[in-house]
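Listed below, chain by chain, are the residues.
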Amino acid sequence: MARAFLIVMDSVGCGGAPDAADFGDAGANTLAHIAAECAAGRADIGRQGPLRMPHLDALGLGAAIKLASGQTAAGFSATPQGRWGAATEVSRGKDTPSGHWELAGVPVPWDWTYFPDTSPAFPPDLVELVCKLAGTKGILGNCHASGMPIIARHFAEHQRLGWPICYTSADSVFQIAAHEDSFGLDRLLKLCADLAPHLHAMKVGRVIARPFRGGVGDFYRTPNRHDFAMDPPAPTLLDWVANAGRATHAIGKIGDIFSMKGVGALHKGASDIALFDHLDALAGQAEAGSLTFANFVEFDSLYGHPRDVAGYARALEWFDARAGGFLARLRPGDLAIFTADHGNDPTWRGTEHTRERVPVLCAGAGTGSLGHCAFADVGASVAQHLGVASHGVGRSFL
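Residue positions are counted from 1 within each chain, in the order its sequence is given. In keeping with the predicted nature of the model, local features appear solely for residues at pLDDT of at least 70, side-chain atom pairs appear and are counted solely at 80 or more, and the whole-chain, interface and lining totals rest on all residues. Hydrogens and water molecules were not included; the side-chain quantities draw on all heavy atoms of the structure.

J.: Hey, could you run me through the packing of helix H4 (residues 96–103) against helix H13 (residues 375–386) in this one?
T.: Two measures define how a pair of helices packs: the angle their axes make with one another and the distance between the axes. Packing of H4 against H13 brings their axes to within 6 Å, and their N-to-C directions diverge by 40°. Between H4 and H13, the angle falls in the class oblique. In this structure, H4 uses Gly-99, Glu-102 and Leu-103 to contact H13, whose residues at the interface are Phe-375, Ala-376, Val-378 and Gly-379. Polar here means any residue outside two lists: the nonpolar Ala, Val, Leu, Ile, Met, Phe, Trp, Tyr, Cys and Pro, and the charged Asp, Glu, Lys and Arg; Gly therefore counts as polar. A breakdown of the residues in the contact of H4 with H13 according to their chemical character gives four nonpolar, two polar and one charged. In this description, a line fitted to the C-alpha atoms serves as the axis of each element, helices being fitted only across the stretch in contact, and the angle between N-to-C directions of two axes falls anywhere from 0 to 180 degrees. Under the scheme used here, helices are H or I runs from DSSP no shorter than 4 residues and strands are E runs no shorter than 2 residues, and both carry numbers assigned from the N terminus. Relative orientations are named as follows: roughly parallel for angles under 35 degrees, roughly antiparallel for angles over 145 degrees, roughly perpendicular for angles from 65 to 115 degrees, and oblique for any other angle. Contacts are residue-level and defined by heavy atoms, with any inter-residue pair within 4.5 Å sufficient.

J.: How do you make sense of the state of the cysteines when you look at a structure like this?
T.: Note on disulfides: each one is a pair of cysteine sulfur atoms within 2.5 Å. Scanning all chains against the criterion turns up zero disulfides. Not engaged in a disulfide, the cysteine Cys-14 finds its nearest cysteine sulfur in Cys-373; these two sulfurs lie 10.0 Å apart. Overall, the relative accessible area of 0% leaves Cys-14 in the buried class. The thiol of Cys-131 is not disulfide-bonded; the next cysteine sulfur, from Cys-166, is found 7.9 Å away. Under the scheme applied here, a residue whose accessible area is under 20% of the maximum for its type counts as buried, over 50% as exposed, and between as partly exposed, the area being computed with a 1.4 Å probe on protein chains only.

J.: Just to check I follow, could you spell out helix H1 (residues 30–39) for this structure?
T.: An α-helical segment advances 3.6 residues per turn. Residues three or four places apart therefore align on the same side. A large share of H1 lies buried, amounting to eight of its 10 residues. Of all the residues in H1, the buried ones are Thr-30, Leu-31, Ala-32, His-33, Ile-34, Ala-35, Glu-37 and Cys-38. Of the surrounding secondary structure, the elements contacted by the buried residues of H1 are helix H3 (61–69), helix H12 (309–329) and strand E13 (358–363). One or two residues past the end of H1 sits Gly-41, with phi positive at roughly 80°.

J.: Is there a simple way to explain the packing of helix H10 (residues 272–285) against H12 in this structure?
T.: Put simply, H10 and H12 touch, their axes get as near as 9 Å, and they point 15° apart. Judged on the interaxial angle alone, H12 and H10 are roughly parallel. H12 is crossed by H10, and the crossing has right-handed handedness. Along the contact surface, H10 presents Asp-272, Ile-273, Phe-276, Asp-277, Leu-279, Asp-280 and Ala-283, while H12 presents Trp-318, Phe-319, Arg-322, Ala-323, Phe-326 and Arg-329. The handedness criterion is simple: a crossing whose near helix is rotated anticlockwise from the far helix by less than a right angle is left-handed, and one whose near helix is rotated clockwise is right-handed.

J.: Can you help me understand the side chain of Lys-253 in this one?
T.: With respect to the helices and strands, the residue Lys-253 is situated in the loop between strand E9 (248–251) and helix H9 (254–257). In this charge count, Lys and Arg are treated as positive and Asp and Glu as negative; neither His nor the chain ends contribute. A side-chain nitrogen of Lys or Arg and a carboxyl oxygen of Asp or Glu constitute a salt bridge if their distance falls within 4 Å. In this structure, Lys-253 is buried with no salt-bridge partner, the nearest side chain bearing the opposite charge being Asp-227 at 4.1 Å. In this structure Lys-253 touches Asp-10, Thr-96, Arg-206, Arg-225, Asp-227, Asn-295 and Val-297, once residues within four positions along its chain are discounted.

J.: Could you clarify how one ought to interpret the nonpolar core in this entry?
T.: The nonpolar side chains of a soluble globular protein tend to be buried, and buried together. What is meant by a nonpolar core is a set of buried Ala, Val, Leu, Ile, Met, Phe, Trp, Tyr and Cys residues, joined one to another through side-chain atoms within 4.5 Å. Counting residues in each nonpolar core, the largest one holds 86 residues, and the members touching the most others are Leu-56, Phe-326 and Phe-338. Element by element, the count of residues in this core is highest for H12, at nine residues. In terms of nonpolar packing, the next biggest core, distinct from the first, is built from 24 residues, Phe-122, Val-130, Ile-176 and Ala-196 among them.

J.: Can you help me understand H13 in this one?
T.: The buried count for H13 comes to 10 of 12 residues, which makes it a mostly enclosed element. For H13, the full list of buried residues reads Phe-375, Ala-376, Asp-377, Val-378, Gly-379, Ala-380, Ser-381, Val-382, Ala-383 and Leu-386. Among the residues trailing H13, Gly-387 stands out with phi positive, at a value near 75°.

J.: Any chance you could explain the pattern of salt bridges here in plain terms?
T.: Scanning the model with the defined rule gives 18 salt bridges in all. Linking Asp-280 and Arg-329 is a salt bridge whose minimum nitrogen-to-oxygen distance equals 3.4 Å. Note that Asp-280 is positioned in helix H10 and Arg-329 in helix H12, a separation of 49 residues in sequence. Overall, the relative accessible area of 13% leaves Asp-280 in the buried class. We classify Arg-329 as partly exposed; its relative accessible area is 43%.

J.: I'm lost on the pairing of strand E11 (residues 291–296) in this one. Help?
T.: When a strand is regular, its side chains alternate between the sheet's two faces. Most of E11 sits inside the fold, with six of its six residues counted as buried. The side-chain alternation of E11 yields two buried faces, one formed by Leu-291, Phe-293 and Asn-295 and the other by Thr-292, Ala-294 and Phe-296. The sheet contact formed by strand E1 (residues 4–9) and E11 spans six bridges and is parallel. Looking across to E11, one finds that Leu-6 is bridged to Phe-293. Pairing analysis gives four bridges linking E9 to E11, with the strands arranged parallel. Across the sheet, residue Thr-248 finds its bridge partner in E11, namely Leu-291. When DSSP finds two or more bridges between a pair of strands, those strands are recorded as paired.

J.: Would you mind showing me how to read unusual backbone geometry here?
T.: One can expect most non-glycine residues to show negative phi and most peptide bonds to be in trans. In this model, Ser-119 is joined to Pro-120 through a cis peptide bond whose omega is 10°. Structurally, the position occupied by Pro-120 is in the loop between H4 and helix H5 (124–134). A positive phi is found at Arg-307, a non-glycine position, where the angle reads about 60°. Residue placement: Arg-307 occurs in the loop between helix H11 (298–304) and H12.

J.: Could you clarify how one ought to interpret the sheet that holds strand E2 (residues 83–88) in this entry?
T.: One key point about sheets: their strands pair by backbone hydrogen bonds, in either a parallel or an antiparallel sense. Read from one edge to the other, the open sheet built from eight strands follows the order E10-E9-E11-E1-E12-E13-E2-E14, with strand pairing classed as mixed. Sheet topology places strand E10 (265–267) and strand E14 (368–374) at the edges, where each strand pairs with a single neighbour. Pairwise comparison of adjacent strand axes, ignoring direction, gives a mean angle of 15° for this sheet. Where strand E12 (residues 335–339) lies against E13, three bridges are found, and the strand directions are antiparallel. What sits directly across from Phe-338, in E13, is Leu-361. Contacting E1, E11, E12 and E13, H12 crosses the sheet at an angle of about 170° to E12.

This is the structure we're talking about:
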């Protein structure tokens with residue numbers, strides 16, 4: 001019985017979204033711009049020369065970039081041996097839940113709530129609720145920020161006062177950073193869990209616990225991050241497969257993103273390296289007829305938001321090398337789809353996600369162009385491959 005592997009390279013967009021200008025992102029292109037920087041010798045930290053992704057390029061990555069945006073990515077010239085295309089999102093967001101839910105067949109039917117880029121960013125009644133739940137007299141931050149800089153800015157106050165560091169971004173999100181030792185990991189997770197229903201009712205998509213450890217000059221975020229996300233608005237691909245009596249495996253953030261709906265086995269790890277180890281293992285061990293749904297977050301979290309072009313390039317080349325080994329482990333009849341949920345162009349202004357089309361690369365589905373498709377078509381196609389009913393809005397491209 002056929003198996004399916006849906007692999008999301010978080011933020012690895014390929015430009016060309018028709019509504020990019022509405023988000024201030026006209027011209028953003030994560031992959032093409034990284035490739036251009038590499039070819040120009042401006043990303044030679046820990047790597048050197050043009051961006052090299054031979055395994056995914058052989059599936060059609062370079063062709064997908066050109067289809068999506070009209071741009072030719074430097075160093076991508078393979079004749080595609082897989083099925084390839086570019087997907088366009090319809091949900092009015094460029095965030096993780098919107099992208100993943102829509103890839104799984106369910107676009108977001110509402111407008112998310114975003115906090116203003118002001119200081120303070122949060123309304124007084126929300127701050128009061130956080131203080132009540134945390135048992136503190138105040139919060140720190142209360143603004144738009146990136147995680148590491150705001151922790152550095154408030155580290156000493158956090159240790160002295162014991163107040164949580166609360167911040168947001170251009171996404172629909174409320175993030176709380178706290179020291180695992182002085183504040184307590186269990187206390188942080190409970191605070192986020194207790195706060196989440198209130199924020200979900202406001203249509204804020206996620207409450208994220210961001211624990212860290214260490215001292216003033218050497219603190220680091222731990223792998224105990226947890227996303228408290230809203231439930232998807234309807235059953236998704238994971239539910240369709242699980243309800244058909246098939247096994248489902250979630251690697252990385254997938255369990256958090258889908259609030260464990262339709263998730264059978266959860267595979268977590270401290271890094272993308274550990275997550276890829278899970279993916280490799282499941283290529284050998286996953287049950288016949290099963291779905292494995294994976295998210296690799298570090299492109300986005302470690303390199304996209306900090307605007308680290310060289311780091312992003314290193315991660316892409318590492319991932320491509322691992323992808324080659326994974327593809328060699330697949331069985332006859334398996335389908336593997338590599339895609340993304342949004343962009344995060346590290347050459348772009350600001351520190352936020354960018355509205356882009358995403359590549360869709362299929363191994364085990366023959367060769368040739370898929371053309372332009374919808375995010376939701378990915379879920380419909382996986383369902384068709386597995387022989388389960390699709391209840392979303394997408395249409396299979398297989």
